Amino acid sequence: MSKYFSDAETVCECGCGFNDPSPLLMDMLDALREKVGGPLHLTCVCRCQEHNDSIKGSVPNSQHVQGKAADVA
């Protein structure tokens, strides 16, 4: 899946188990980590539709629901 990131860092936070990040996204995150030269803190990668709908400020058709987005702190 990823050279640097575990499943625990990409799974939906609601506890449903949804965890399907795109391989391209994970390759990009690995490359970013190498460019930065140290750890990155992922605050959100995958979200199930129900969890996405429950988050204030989330957008319909969020890329997180498709496993194509990551929030990095």
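Let me begin by describing the structure that accompanies this report. (Residues numbered from 1 in each chain as written. Predicted model: local features only at pLDDT ≥ 70, side-chain atom pairs only at ≥ 80, totals over all residues. Heavy atoms only, no water.)

Moving on to the nonpolar core. In terms of nonpolar packing, the biggest core is built from 8 residues, these being Phe-5, Leu-25, Met-26, Leu-29, Leu-40, Leu-42, Val-45 and Cys-46. The leading source of residues in this core is helix H2 (residues 23-36), at 3 residues. If we skip the residues at most four places from it in the chain, Leu-42 touches Phe-5, Glu-9, Thr-10, Leu-29, Asp-71 and Val-72. (Core = buried A, V, L, I, M, F, W, Y, C linked by side-chain atoms within 4.5 Å. Buried < 20%, exposed > 50% of the residue type's maximum accessible area, 1.4 Å probe, protein only. Helix = DSSP H or I, 4+ residues; strand = E, 2+ residues; numbered from the N terminus. Contact = heavy atoms within 4.5 Å.)

Tracing the sequence through the fold places Thr-10 in helix H1 (residues 7-10). There is a polar contact of 2.6 Å between the side chain of Thr-10 and the side chain of Asn-19. Not counting the four nearest positions on each side in its chain, Thr-10 is found in contact with Met-1, Asn-19, Pro-21, Met-26, Leu-42, Val-45 and Cys-46. (Polar contact = N/O pair within 3.5 Å; in protein donor to acceptor, adjacent residues only side chain to side chain.)

Geometry only, nothing functional implied.
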